[in-house]
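Descriptive structure summary
One-letter residues, chain by chain:
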Amino acid sequence: MDVSPSDETSLTTGTTTIQSLPPEVLTAIFRNLRLSDLAAVRQTCRHWYEIVINNRKLMNRFVLTLSNCRIEEGFEPCVVLESSPSSFEKVCFKTCYITPAPTLWRLIGSHTVELTLSDCTISCEALTGVLQATQDNLRTLTIKSIKFDGPQIYTAPNNFRLERLHSLTIRNSFLYDGFLNLLKRICPNLKALKLTFSSYERWGEHLVNLVATLSATLEAITLSYTKASAALLEQIGRIENLRLRKVSLKSCFAIKQSDILLLARLQPTIVHLNLDNLFSASEQFLEALSASLPQMKRIKLRVARITNLHQSFLVKMPQLNYLKITDATQMKGNVDLSAYENPALEKLFVSAAMFSRNTLPRFFERCPNIRSLTLYQCTYENIHDLQLAFSHLKGLEYLNLQRTIELGDSFFNRDVFDTIVMPFERIRFYPIANLNRLCYLNLSHCRDLSDQALMALQFPLLKKIDLRGLYVTEAGIATLVRDCPNLEYVMVDACKRICDTAVLYLCRDLRNLRLLNLESCKAITDLSVEHIVQHCRSLLWLNVLNCPKLSEPAKERLKTLRTIRSLHM
């Protein structure tokens with residue numbers, strides 16, 4: 001889009017000027033533009049600029065990212081920003097050494113809604129300067145693996161408040177008490193506190209104090225991948241006025257079943273519970289949990305061998321809309337949900353389970369509103385039961401069949417009558433290609449799939465596809481981009497037969513391509529780089545690691561692509 005402000009009066013369609021179109025019409029037009037064109041729109045005229053900056057969905061597409069640099073007063077990006085009218089609601093610093101830079105914080109802080117500090121080294125003065133500058137609008141703060149330059153974090157000033165900050169994510173190997181105390185003083189209205197991969201001084205006393213300070217507003221707490229103890233969990237559960245709705249304890253291996261049941265009794269308001277990669281839940285545990293948390297909407301857990309899983313607790317949770325089950329035994333016929341009926345269920349994730357004949361069709365007939373289905377590394381007594389199940393899931397939008405070893409090319413093409421031992425005698429198989437609302441499809445590491453499978457896929461709404469490790473060639477890719485023209489995310493890493501021609505089809509024919517993973521595609525050469533540079537106008541993420549035929553000059557050329565935010569090579 002190449003228009004200058006002086007050209008405004010010449011923009012016409014018939015007798016109507018573009019400038020005279022209502023803002024809502026212009027907004028709808030702008031949403032369909034590529035990011036580079038949307039950036040040009042912001043600089044066309046003041047009217048269009050204000051439409052863009054006042055629309056959250058449009059502004060969320062812009063991210064200011066500064067990486068691998070020393071941020072200090074007077075550095076070059078600061079000078080560029082000072083002379084630019086652009087503003088950013090999302091700001092990300094990656095692997096930076098951050099020192100006090102008041103001019104920079106003044107330029108970007110007043111508009112920042114989301115701030116991320118990743119793998120940075122920062123002084124206490126610089127951190128408080130950044131946060132103070134963003135206090136008017138900051139809603140989401142993410143801190144990953146930062147290092148504090150000096151001990152002054154214990155004496156950090158607290159003469160400001162992040163009143164609008166609702167979500168705080170910290171992923172740090174160690175959290176100082178001084179840092180937690182700073183957060184307690186400046187974050188009065190947090191709703192979600194996410195502390196992952198972290199450890200604390202002593203047993204987490206200051207973490208409990210932080211949660212107690214936030215008890216009036218805090219609704220969600222994540223302690224996944226931490227050494228959270230039973231004592232810590234109980235202290236948090238007993239905080240007066242705390243009403244938690246979401247709790248995640250994934251991979252907190254010190255937590256036992258009795259600790260979860262105590263938390264459920266102390267916090268009966270919990271509706272989202274993540275117990276993924278913890279203990280194998282027993283039938284007695286599930287019955288007690290469902291009695292304490294009957295309003296549960298989302299749950300993730302591992303199960304031992306339970307014959308009547310639906311009777312043990314699922315039937316007592318009528319509002320459940322997301323269920324994730326990892327089978328801890330992988331025994332034949334282990335997870336049988338065929339008698340479970342729940343029209344509210346929208347998302348199902350089952351991992352490492354073995355399904356007996358006829359159980360899946362019965363289950364999906366009773367839960368027809370599932371929009372997201374993941375059957376990861378599952379096995380089947382009869383793979384065509386899965387095909388039968390699709391006839392009940394016509395609204396399916398997300399499908400993950402990763403590592404389904406029974407899946408072959410015929411699964412996608414079969415459309416014949418067959419006799420099934422079901423309440424009905426004869427039924428027509430429902431090919432996966434008929435799922436016309438599908439937006440995401442993962443077939444990675446389904447080792448028996450080839451080009452024939454891709455040639456059967458016709459998904460006009462499909463945006464993401466994962467084909468990692470498949471035996472596909474340019475013939476299958478050519479059909480895929482023709483029949484799925486709206487693809488934005490394509491993963492063909494470790495596809496040994498992907499060549500330069502296949503890359504050409506992906507780059508030339510997918511006009512909205514934003515992510516492309518070519519890792520370990522060892523047949524591609526510098527010609528693929530030429531295709532990427534020439535055709536990819538919307539590409540934001542690219543991976544060409546372990547591609548031995550790419551020369552160093554070609555890799556350097558990829559660095560010149562201004563649209564790419566994340567490049568791996």
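Reading the values: rules and limits
Residues numbered from 1 in each chain as written. Predicted model: local features only at pLDDT ≥ 70, side-chain atom pairs only at ≥ 80, totals over all residues. Heavy atoms only, no water. Helix = DSSP H or I, 4+ residues; strand = E, 2+ residues; numbered from the N terminus. Salt bridge = Lys/Arg side-chain N within 4 Å of Asp/Glu carboxyl O. Buried < 20%, exposed > 50% of the residue type's maximum accessible area, 1.4 Å probe, protein only. pLDDT = per-residue confidence, 0-100. Contact = heavy atoms within 4.5 Å. Disulfide = S-S within 2.5 Å. Axes fitted to C-alpha atoms, helices over the stretch in contact; angles between N-to-C directions. Parallel < 35°, antiparallel > 145°, perpendicular 65-115°, else oblique. Left-handed = near helix turned anticlockwise from the far one by under 90°. Nonpolar A, V, L, I, M, F, W, Y, C, P; charged D, E, K, R; others polar.

Points about unusual backbone geometry
One non-glycine residue, Asn 241, adopts positive backbone phi at about 75°. Residues other than glycine seldom take positive phi values, yet His 445 does so here, at roughly 60°. Residue placement: His 445 occurs in the loop between β26 (440-442) and α17 (451-455).

A look at the pattern of salt bridges
Applying the stated rule across the entire model yields 12 salt bridges. Among the ionic pairs, Lys 250 bridges to Asp 276, the shortest N-O distance being 3.9 Å. One end of the pair, Lys 250, is in the loop between β14 (246-248) and α11 (257-266); the other, Asp 276, is in the loop between β15 (272-274) and β16 (280-281), with 26 residues separating them in the sequence. When its relative accessible area of 7% is taken as the criterion, Asp 276 is described as buried. The shortest N-O distance in the salt bridge between Asp 483 and Arg 482 comes to 3.1 Å. Take Arg 482: its relative accessible area is 59%, and that puts it in the exposed class. One network of salt bridges, in which partners are shared, links Lys 250, Asp 276 and Lys 324.

Observations regarding the confidence of the model for the protein
When pLDDT is averaged along the protein, the result is 84, and 85% of the positions lie at 70 or above. Every residue in residues 1-14 is under pLDDT 50, and counting partners more than four places away or in other chains gives 20 contacts. Taken as a whole, residues 415-427 scores under 50 in pLDDT and shows 26 contacts with residues more than four places along the chain or in a different chain.

Brief notes about the state of the cysteines
Taken as a whole and assessed by the stated rule, the structure comprises zero disulfides. The thiol of Cys 499 is not disulfide-bonded; the next cysteine sulfur, from Cys 521, is found 9.9 Å away.

Observations concerning the packing of helix α9 (residues 205-213) against helix α10 (residues 230-237)
As a packed pair, α9 and α10 sit with axes 10 Å apart at the nearest point and diverge in direction by 20°. Considering their axes alone, α9 and α10 lie roughly parallel with respect to each other. With respect to the hand of their crossing, α9 and α10 are arranged in right-handed fashion. In this structure, α9 contributes Leu 207, Val 208 and Val 211 to the contact, and α10 contributes Leu 232, Gln 235 and Ile 236. Looking at side-chain class alone, the contact of α9 with α10 contains five nonpolar, one polar and no charged residues.

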